[in-house]
Amino acid sequence: HVIRKVYKEPVTRMAFSDNNEYLLVICQNQADLIDLREPMPGVRIMLGEYSVIESIAVSIDGSYCALGDRDSVIFLWSRGNPQTLVPLRGHVGSITSLDFSSDGLTLASAGDKTVKLWNVATQQEMLTLYDAQNDTNYVRFAPNDKALLATTLDEHRIIWNTLPSNEIDRMIEATRSANSEDDT
């Protein structure tokens, strides 16, 4: 089926989930989460008139969207609580890149001169991985979450290997454990 949506204002950002089933579209002060498997128009997320969104990400199952703004705040949206945008604060500059782990439990953010990991369930910062000399502009989990890539504006490329002895893997495992305890 073909989904056709017309926007009166310019679309400024778009992102697909890793499985290509969800599309997140930013236009003016709203975001649309579109389930590409359904003919329905999707979910509209109102951002407020003062948010200037610089980066976006959608979890693989469309349960979460992350929106990074120019004023150092990440807004986390959950399908389970669609009327609320939870602000995540910890950066001091523009949020330039966001990515969810493949299980959707961890959010990586790049901005100012840092890369941070966030626990999606608790909405808490877990770890600051990198404090660069220049602004970080990109962060991405490998498809199997065994590595995390970041780049900086001065063209440095940083890759963290997330083998079991690595701090990132322990943090992700702790998040999974905490989430499985919450489910019981």
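Procedures and definitions
- Residues numbered from 1 in each chain as written.
- Predicted model: local features only at pLDDT ≥ 70, side-chain atom pairs only at ≥ 80, totals over all residues.
- Heavy atoms only, no water.
- Helix = DSSP H or I, 4+ residues; strand = E, 2+ residues; numbered from the N terminus.
- Buried < 20%, exposed > 50% of the residue type's maximum accessible area, 1.4 Å probe, protein only.
- Contact = heavy atoms within 4.5 Å.
- Areas by Shrake-Rupley, 256 points an atom, 1.4 Å probe, with all protein chains shown as cover.
- Pairing = 2+ DSSP bridges.
- Axes fitted to C-alpha atoms, helices over the stretch in contact; angles between N-to-C directions.
- Core = buried A, V, L, I, M, F, W, Y, C linked by side-chain atoms within 4.5 Å.
- Salt bridge = Lys/Arg side-chain N within 4 Å of Asp/Glu carboxyl O.
- Polar contact = N/O pair within 3.5 Å; in protein donor to acceptor, adjacent residues only side chain to side chain.
- pLDDT = per-residue confidence, 0-100.

1. Comments concerning the overall build of the chain
Here is step 1: Counting its regular elements, the chain contains 1 helix and 15 strands.
Here is step 2: Counting the 184 residues in the chain, one finds 44% classified as buried.
Here is step 3: Sequence separation of 24 or more characterises 37% of the internal contacts of the chain that already satisfy a separation of 6 or more.
Here is step 4: When the accessible surface of the chain is split by element, carbon and sulfur atoms take 49% of a total near 9800 Å².

2. Describing the sheet that holds strand S7 (residues 73–78)
Here is step 1: What the 4 strands build is an open sheet, ordered S5-S6-S7-S8; its pairing is antiparallel. Only two strands of the sheet have a single partner each, and these edge strands are strand S5 (53–58) and strand S8 (81–89). Averaged over neighbouring strand pairs, the angle between their axes works out to 20° when direction is ignored.
Here is step 2: Here 5 bridges tie strand S6 (residues 64–69) to S7, and the two strands are oriented antiparallel to one another. If you follow Cys-65 over to S7, its bridge partner there is Trp-77.

3. Looking at the nonpolar core
Here is step 1: Membership of the largest hydrophobic core comes to 14 residues, with the highest contact counts inside it found for Leu-24, Ile-26, Leu-33, Ile-56, Val-58, Cys-65 and Leu-67.
Here is step 2: Every element with two or more residues in this core is listed here: strand S2 (22–27), strand S3 (30–35), S5, S6 and S7.

4. Points about the pattern of salt bridges
Here is step 1: A complete count under the given rule lists 5 salt bridges for this structure.
Here is step 2: One salt bridge connects Arg-140 with Asp-18, and the closest N-O pair in it is separated by 3.0 Å. In this pair, Arg-140 is assigned in strand S13 (residues 136–141) and Asp-18 in the loop between strand S1 (11–16) and S2, connecting sequence segments 122 residues apart.
Here is step 3: Asp-99 is the partner of Arg-140 in a salt bridge, and the nearest nitrogen-oxygen pair spans 3.0 Å. Taken together, the residues span a long stretch of sequence, with Arg-140 in strand S13 and Asp-99 in strand S9 (residues 95–100) at a distance of 41 residues.
Here is step 4: According to the relative accessible area criterion, Asp-99 is buried, its value standing at 5%.
Here is step 5: Among the charged side chains, a network of salt bridges with common partners joins Arg-13, Glu-54 and Arg-70.

5. Some details on the side chain of Ser-17
Here is step 1: The topology assignment puts Ser-17 in the loop between S1 and S2.
Here is step 2: With near-sequence residues (within four places) excluded, Ser-17 lies in contact with Tyr-22, Val-58, Ser-59 and Ile-60.

6. Thoughts on unusual backbone geometry
Here is step 1: One non-glycine residue, Asn-20, adopts positive backbone phi at about 60°.
Here is step 2: Along the chain, Asn-20 turns up in the loop between S1 and S2.
Here is step 3: The backbone of Asp-112 sits at a positive phi, close to 45°, despite the residue not being glycine.
Here is step 4: Along the chain, Asp-112 turns up in the loop between strand S10 (106–111) and strand S11 (114–119).
Here is step 5: Accessibility expressed as a relative area gives 10% for Asp-112, which makes it buried.

7. Quick look at the side chain of Asp-145
Here is step 1: For Asp-145, the position within the fold is in the loop between S13 and strand S14 (147–152).
Here is step 2: Looking at Asp-145, the relative accessible area reads 4%, which means it is buried.
Here is step 3: Polar contacts involving the side chain of Asp-145 include one to the side chain of Ser-102, which spans 2.7 Å.

8. Structural notes on the pairing of S13
Here is step 1: Looking at chain direction, S13 and S14 are connected through 5 bridges and run antiparallel. Of the residues in S14, the one forming a bridge with Thr-136 is Thr-152.
Here is step 2: Turn length for the S13-S14 hairpin, with the two strands adjacent in sequence and antiparallel, is 5 residues, and the turn residue Asp-145 shows positive phi of about 60°.

9. A few points about the confidence of the model for the chain
Here is step 1: Across the chain, the average pLDDT comes to 79, with 73% of residues at 70 or higher.
Here is step 2: No element of the chain has a lower mean pLDDT than helix H1 (residues 167–183), at 59, and none a higher one than S9, at 94.

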